[in-house]
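Secondary and tertiary structure notes
Each chain, written out:
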Amino acid sequence: MTSVLRVDSDGGTTLMPWPDDELQRGLLIRAVVGGPADTAVYHRRAVLHVHGNGQSERLPLNLAAWVLASVWRGIELPYGFHGTVMVTGPQSQELDADLVAVVQAVCVAVAEVRAEWQNRPPASERAARAELLAAARYAWDARRAPTA
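Report on the accompanying structure. These numbers come from a predicted model, not from an experiment. (Residues numbered from 1 in each chain as written. Predicted model: local features only at pLDDT ≥ 70, side-chain atom pairs only at ≥ 80, totals over all residues. Heavy atoms only, no water.)

**Quick look at the overall build of the protein**
Scanning the protein from terminus to terminus reveals 4 helices and 5 strands. For the protein, the residues scored as buried account for 45% of the 148 residues in total. Pairs at least 24 residues apart make up 58% of the contacts formed inside the protein by residues separated by at least 6 positions. Summing over all exposed atoms, the protein offers an accessible surface of approximately 8100 Å²; the carbon and sulfur share of this is 51%. (Helix = DSSP H or I, 4+ residues; strand = E, 2+ residues; numbered from the N terminus. Buried < 20%, exposed > 50% of the residue type's maximum accessible area, 1.4 Å probe, protein only. Contact = heavy atoms within 4.5 Å. Areas by Shrake-Rupley, 256 points an atom, 1.4 Å probe, with all protein chains shown as cover.)

Take a look at the structure:
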């Protein structure tokens with residue numbers, strides 16, 4: 001078994017074993033997202049599996065997944081993801097180790113910004129989105145930077 005990532009609505013990530021069997025993979029995705037899953041591609045080496053009806057079912061906004069997808073796409077997405085999101089490689093393959101590190105770094109950056117808001121709330125929703133995206137881009141760039 002190899003690994004994929006679970007991104008919870010609170011931004012926490014969990015590395016999960018990825019079964020070899022295709023049927024077991026589908027069942028795992030459905031169990032993790034809590035229902036039927038849609039696939040969303042925002043990076044050529046990753047797939048986000050999102051709840052197909054999360055907003056209508058009033059699942060919590062997954063801010064970390066929205067930020068990650070926005071950074072990968074290079075634009076601020078005009079829609080969000082709701083509920084738990086699973087991140088795999090393309091065609092239901094495992095996620096590359098470098099992408100695991102990127103996803104985790106972006107989720108940590110989002111959590112740090114949200115924690116700062118407890119003492120220093122953002123001036124507006126627009127400012128909040130800009131701050132989250134900037135922190136995520138910085139975290140992503142830091143993971144991609146060559147090491148000495």
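**Comments concerning the environment of G83**
Tracing the backbone through its elements, the reader meets G83 in the loop between α2 (63-73) and β5 (85-88). In sequence terms G83 and N53 are 30 residues apart; their C-alpha atoms lie 9.5 Å from each other. Setting aside anything within four residues of it in sequence, one finds G83 in contact with V7, S9, L59, P60 and N62.

**Considerations on the nonpolar core**
Grouped together as the largest cluster of nonpolar side chains are 39 residues, with contacts concentrated most on L48, V67, W72, F81 and V87. Elements represented by at least two residues in this core include exactly β1 (2-7), β3 (37-43), β4 (46-51), α2, β5, α3 (97-116) and α4 (125-144). The greatest single-element share of this core, amounting to 10 residues, is contributed by α3. For L48, the contacting residues outside a window of four places in its chain are D38, T39, A40, Y42, A65, L68, A69, W72, F81, V85, M86 and V87. Of all hydrophobic cores here, the second largest spans 7 residues; its members include V4, W18, L28 and V32. (Core = buried A, V, L, I, M, F, W, Y, C linked by side-chain atoms within 4.5 Å.)

**A few points about the pattern of salt bridges**
Applying the stated rule across the entire model yields 8 salt bridges. Across the pair R120 and E116 runs a salt bridge whose closest N-O atoms are separated by 3.1 Å. When its relative accessible area of 36% is taken as the criterion, R120 is described as partly exposed. Across the pair E125 and R129 runs a salt bridge whose closest N-O atoms are separated by 2.9 Å. Of this pair, E125 and R129 both sit in helix α4, 4 residues apart, which is roughly one turn of the helix. Accessibility expressed as a relative area gives 60% for E125, which makes it exposed. Among the charged side chains, a network of salt bridges with common partners joins R45, D96 and D98. (Salt bridge = Lys/Arg side-chain N within 4 Å of Asp/Glu carboxyl O.)

**Section: the packing of aromatic side chains**
For the coordinates displayed, the defined rule picks out 2 aromatic pairs. Look at Y42 and F81: their rings are 5.8 Å apart centre to centre, the planes differ by 75°, and that puts the pair in the edge-to-face class. Taken together, the residues span a long stretch of sequence, with Y42 in strand β3 and F81 in the loop between α2 and β5 at a distance of 39 residues. F81 matches Y42 in its accessibility class, with the two residues each being buried. For the pair Y79 and F81, a centre-to-centre distance of 6.1 Å together with 85° between the ring planes defines the contact as edge-to-face. Among the residues examined, F81 registers a relative accessible area of 6% and is labelled buried. Among the aromatic residues, those joined into a ring-pair cluster are Y42, Y79 and F81. (Phe/Tyr/Trp six-rings, centres within 6.5 Å; stacked < 30°, edge-to-face > 60°.)

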